[in-house]
Amino acid sequence: IVIDGGKGQLSAAMNVLQQQGLGELDVIGLAKAREEKFERIFLPDEAEPVALAPGDPATHLLQRIRDEAHRFAVTYHRRLRGKALVASVLDDIPGLGPARKRALLNHFGSLARLRAATREEIAAVAGVPKGLANRVHEKLRDGETYRD
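All figures in this text were calculated on a predicted structure; none of them were measured in a lab. (Residues numbered from 1 in each chain as written. Predicted model: local features only at pLDDT ≥ 70, side-chain atom pairs only at ≥ 80, totals over all residues. Heavy atoms only, no water.)

Engineer: Just to check I follow, could you spell out the overall build of the chain for this structure?
Structural biologist: Each helix and strand in the chain was counted, giving 6 helices and 4 strands. Reading the secondary structure of the chain in the N-to-C direction produces β-α-β-β-β-α-α-α-α-α. Scaling as 2.2 N^0.38, a compact globule of 148 residues should have a C-alpha radius of gyration of about 15 Å, whereas the chain reaches 26 Å, well beyond that. Along the first, second and third principal axes, the C-alpha atoms of the chain reach 70 × 30 × 25 Å. Counting across all 148 residues of the chain, residues that qualify as buried make up 27%. Of all intrachain contacts in the chain linking residues separated by at least 6 positions in sequence, the fraction that spans at least 24 positions is 42%. Accessible surface, the chain as shown: approximately 10100 Å² in total, 54% of it carbon and sulfur. (Helix = DSSP H or I, 4+ residues; strand = E, 2+ residues; numbered from the N terminus. Rg over C-alpha atoms; globule rule 2.2 N^0.38 Å. Buried < 20%, exposed > 50% of the residue type's maximum accessible area, 1.4 Å probe, protein only. Contact = heavy atoms within 4.5 Å. Areas by Shrake-Rupley, 256 points an atom, 1.4 Å probe, with all protein chains shown as cover.)

Engineer: Please clarify how the sheet that holds strand β4 (residues 50-52) should be interpreted in this entry.
Structural biologist: Ordered by their spatial adjacency, 4 strands build an open sheet running β1-β2-β3-β4, and the pairing between neighbours is mixed. Edge positions in the open sheet fall to β1 (2-4) and β4, since each of these has one partner strand only. Each neighbouring strand pair of the sheet contributes to a mean axis angle of 30°, computed without reference to strand direction. Bridging between β1 and strand β2 (residues 28-32) involves 3 bridges; their strand directions are parallel. Paired with Ile-3 across the two strands is Gly-29, which belongs to β2. (Pairing = 2+ DSSP bridges. Axes fitted to C-alpha atoms, helices over the stretch in contact; angles between N-to-C directions.)

Engineer: I tried to follow the pattern of salt bridges on my own but got confused; where do I start?
Structural biologist: Across all of its chains, the model carries 4 salt bridges by this definition. For Asp-91, the salt bridge identified is with Lys-101, shortest N-O distance 2.7 Å. Of this pair, Asp-91 sits in the loop between α2 (57-85) and α3 (98-108) while Lys-101 sits in helix α3, placing them 10 residues apart in sequence. Overall, the relative accessible area of 40% leaves Asp-91 in the partly exposed class. Arg-119 is the partner of Glu-138 in a salt bridge, and the nearest nitrogen-oxygen pair spans 3.0 Å. A residue pair is termed long-range when its members are at least 10 positions apart, and Glu-138 in helix α6 (residues 130-141) and Arg-119 in helix α5 (residues 119-123) qualify at 19 residues. By relative accessible area, which is 2% here, Glu-138 ends up buried. (Salt bridge = Lys/Arg side-chain N within 4 Å of Asp/Glu carboxyl O.)

Engineer: Please clarify how the confidence of the model for the chain should be interpreted in this entry.
Structural biologist: Low pLDDT marks stretches whose predicted atomic positions should not be read closely. When pLDDT is averaged across the chain, the result is 87; 92% of the residues are at 70 or more. Between residues 144-148, whose pLDDT stays under 50, and residues either more than four places distant or in other chains, the model counts 13 contacts. (pLDDT = per-residue confidence, 0-100.)

Engineer: Just to check I follow, could you spell out the nonpolar core for this structure?
Structural biologist: Generally speaking, soluble globular proteins have nonpolar side chains that are buried together. Formed by 14 residues in total, the largest nonpolar core has its most connected members in Leu-104, Leu-114, Ile-122 and Val-136. Where this core is concerned, the elements lending two or more residues are α3 and α6. Counting residues per element, this core draws most heavily on α6, which supplies 4 residues. When near neighbours in sequence (up to four residues on either side) are disregarded, Leu-114 contacts Leu-90, Leu-104, Phe-108, Ile-122, Val-136 and Leu-140. (Core = buried A, V, L, I, M, F, W, Y, C linked by side-chain atoms within 4.5 Å.)

Next comes the structure, spelled out in structure tokens:
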């Protein structure tokens, strides 16, 4: 396992691996030397890091591995942030999937108008049964007490 970081990050990662029963895995830390061009590899139980030459193929391989890990992490966090931006109070209502949610928002035009609707008006939307209309109404008006 290649850890992006020096002694501290390597130590933290090794502690987590030990806790998970994975302490037998080989682990290194990879960090740039401050204000220098070369990378350093930190090894468990070694006081001093190993310096890698800037033009060495091993250095390039490790840098590419780290760059790919960064790309993956950034993409993952952007996706999470994007989902959080489109999250809705409607997402937590049992029985209200994406199609029914879309139907309600299309019918009422906005969450505010849906919030102002009566149970009967919500139940009048095609594909929304009375019990679900009650849950939607209560979630938007009174909290999370569902009565079917």
